[in-house]
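An overview of the molecular structure
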Amino acid sequence: MDLILLGAPGAGKGTQGALLAERMGVPKIATGDMLRDALRQGTALGQEARRYMDAGELVPDSVVLGLVREALTKPEARTGAIFDGYPRNVAQAESLSGLLDEIGRRIDAIVYIDVPEEVIVRRMSGRRTDPQTGAVYHLEHAPPPAEIAERLVQRPDDQEETVRNRLSVYRQTTAPLVAFYESAGVPVHRVDGTRPIEQVQGEIMELLGQ
Ligand code: AMP
């Protein structure tokens, strides 16, 4: 199954995607995570992406397309993938269809995790990442184990001003993908992402008939 998670930054795509990937036995292809890895490793691609990411803008489509193409050729992606944070605009959606077409696959479903903007801004301010493992916690909703609490950091792009810009990019370029996939006849499942993680996960599994 090839599945796209849509929703604003901070809607819970990463968390739900990781749970789904584990349950369904397919990898999560998360371009944001890949870009942050490239940044950590100091690759040329990471250097190029940094200024876009720090400003909350999208990195060029060609950069992310290369990452996704590579991820899709890995053996573990043979039976499907969960796309998190990709595609983020219509051009990327078209490229993804092309990539999948080449390997005889197509997007089977969209899960759209709906969370109002005010809730997102509040959520992002509590989000913290472990720089050693990339694991994500939330000071209120998913507190980290005490022994690692001190080393957690806030993503530079989770600061309020950048969050507002990311939300505006989302509204203008990514949100229209819901209508794009609906008109292409791909099933779009909407879930209320303001509820607890387990409930959201349960509803997604039910909607997908898993
Ligand atoms: P995320 O972790 O998905 O919120 O992504 C963090 C940042 O990485 C975004 O604000 C963008 O700068 C960049 N990014 C991630 N995925 C994409 C994508 N598919 N296209 C362009 N930029 C992306």
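Anyway, here's the lowdown on the structure attached to this text. (Residues numbered from 1 in each chain as written. Predicted model: local features only at pLDDT ≥ 70, side-chain atom pairs only at ≥ 80, totals over all residues. Heavy atoms only, no water.)

1. Section: the pairing of strand S1 (residues 2-6)
Stated precisely, the cut-off is as follows: In this scheme, a residue with accessible area under 20% of its type's maximum is buried, one over 50% is exposed, and one in between is partly exposed, where area comes from a 1.4 Å probe on protein chains only. Secondary structure elements follow DSSP: runs of H or I of four or more residues count as helices, runs of E of two or more count as strands, with numbering from the N terminus. Whether two strands pair depends on DSSP finding at least two bridges between them.
Along S1, five of the five residues are buried, which leaves the element largely enclosed by surrounding structure. Bridge analysis of S1 against strand S3 (residues 81-84) gives four bridges, and the strand direction is parallel. For leucine 5, the partnering residue across the bridge sits in S3 and is aspartate 84. Of the pairings in the sheet, the one linking S1 to strand S4 (residues 109-114) comprises four bridges and is parallel in character. Its bridge partner lying in S4, leucine 3 is registered against alanine 109.

2. Quick look at helix H2 (residues 31-41)
Filter applied, for reference: Here the arc refers to the set of directions running from the helix axis out to each C-beta atom. The contact criterion used is simple: two residues touch if any of their non-hydrogen atoms lie within 4.5 Å.
All of the buried residues along H2 are Thr31, Leu35, Ala38 and Leu39. Angularly, the buried residues of H2 cover 105 degrees about the axis, an arc narrow enough to put them on a single face. Next to the buried residues of H2 lie strand S2 (28-30), helix H3 (44-55), helix H4 (61-72) and S3. Where H2 terminates, the next one or two residues include glycine 42, which has phi positive at roughly 70 degrees.

3. Comments concerning the nonpolar core
Formally: As used in this record, nonpolar core signifies buried Ala, Val, Leu, Ile, Met, Phe, Trp, Tyr and Cys residues forming a set joined through side-chain atoms within 4.5 Å.
Leu20 and Phe83 are the most contacted members of the largest nonpolar core, which has 53 residues in total. Considering every element that reaches this core, the biggest residue donor is H4, with six residues. Discounting chain neighbours no more than four positions away, the residues touching phenylalanine 83 are Asp2, Leu3, Ile4, Leu5, Ile29, Val68, Leu72, Leu96 and Ile107.

4. Quick notes on helix H5 (residues 90-102)
This is how it is decided: To estimate how far a helix should reach, multiply one less than its number of residues by 1.5 Å. What qualifies as a polar contact is a pair of N or O atoms within 3.5 Å, subject to a donor-acceptor requirement within protein and to the restriction that residues adjacent in sequence count only when both atoms come from side chains.
With 13 residues, H5 extends 19 Å from end C-alpha to end C-alpha; this agrees with the ideal 18 Å at 1.5 Å per step. For H5, the set of buried residues is Gln92, Ala93, Leu96, Leu99 and Leu100. Along the long axis of H5, the arc covered by the buried residues comes to 120 degrees, so they all point the same way. Pointing more than 90 degrees away from the buried face of H5 are the exposed residues Asp101 and Glu102. One side-chain oxygen at the N-terminal end of H5 lies 3.3 Å from the backbone nitrogen of alanine 91; it belongs to asparagine 89.

5. Quick look at the site of the ligand
Worth spelling out the cut-off: Proximity criterion: a residue is near a molecule or strand once any of its heavy atoms comes within 4 Å of it. For the accessible areas, the method is Shrake-Rupley and the probe is 1.4 Å, while residue cover comes only from the protein chains on display. Any residue outside Ala, Val, Leu, Ile, Met, Phe, Trp, Tyr, Cys, Pro, Asp, Glu, Lys and Arg is labelled polar, Gly included; the first ten of those are nonpolar and the last four are charged.
Around the ligand lies a shell of 16 residues, among which Thr31, Arg36, Glu57, Gln92 and Arg166 are the nearest. Contact distances for the ligand include 3.0 Å between a nitrogen atom and a backbone N or O atom of glycine 85. Within the contact set of the ligand, an oxygen atom lies 3.3 Å away from a side-chain nitrogen or oxygen of arginine 155. Here the ligand loses 96% of its free accessible area of 480 Å² to cover by the protein chains. The leading source of residues in the shell around the ligand is H2, at four residues. Here the residues of the shell around the ligand sort into six nonpolar, four polar and six charged.

6. Looking at the layout of surface pockets
For the record, the criterion: Think of a 1 Å grid over the protein atoms and nothing else: a 1.4 Å probe that fits but is trapped marks a cavity, an open set flanked by protein within 12 Å on at least five of seven lines marks a pocket, and residues with an atom within 4 Å of a point count as lining. Grid points are joined across faces, edges and corners, and a volume is the space filled by probe spheres set on the points.
By volume, the second largest pocket is sized at about 320 Å³. Taken together, 14 residues make up the lining of the second largest pocket; nearest its centre are Lys28, Met34, Asp37, Ala71 and Lys74. Mapped by element, the contributors of at least two residues to the lining of the second largest pocket are S2, H2 and H4. Per-element tally for the lining of the second largest pocket: the top contributor is H2, with five residues. Broken down by class, the residue content of the lining of the second largest pocket amounts to seven nonpolar, one polar and six charged.

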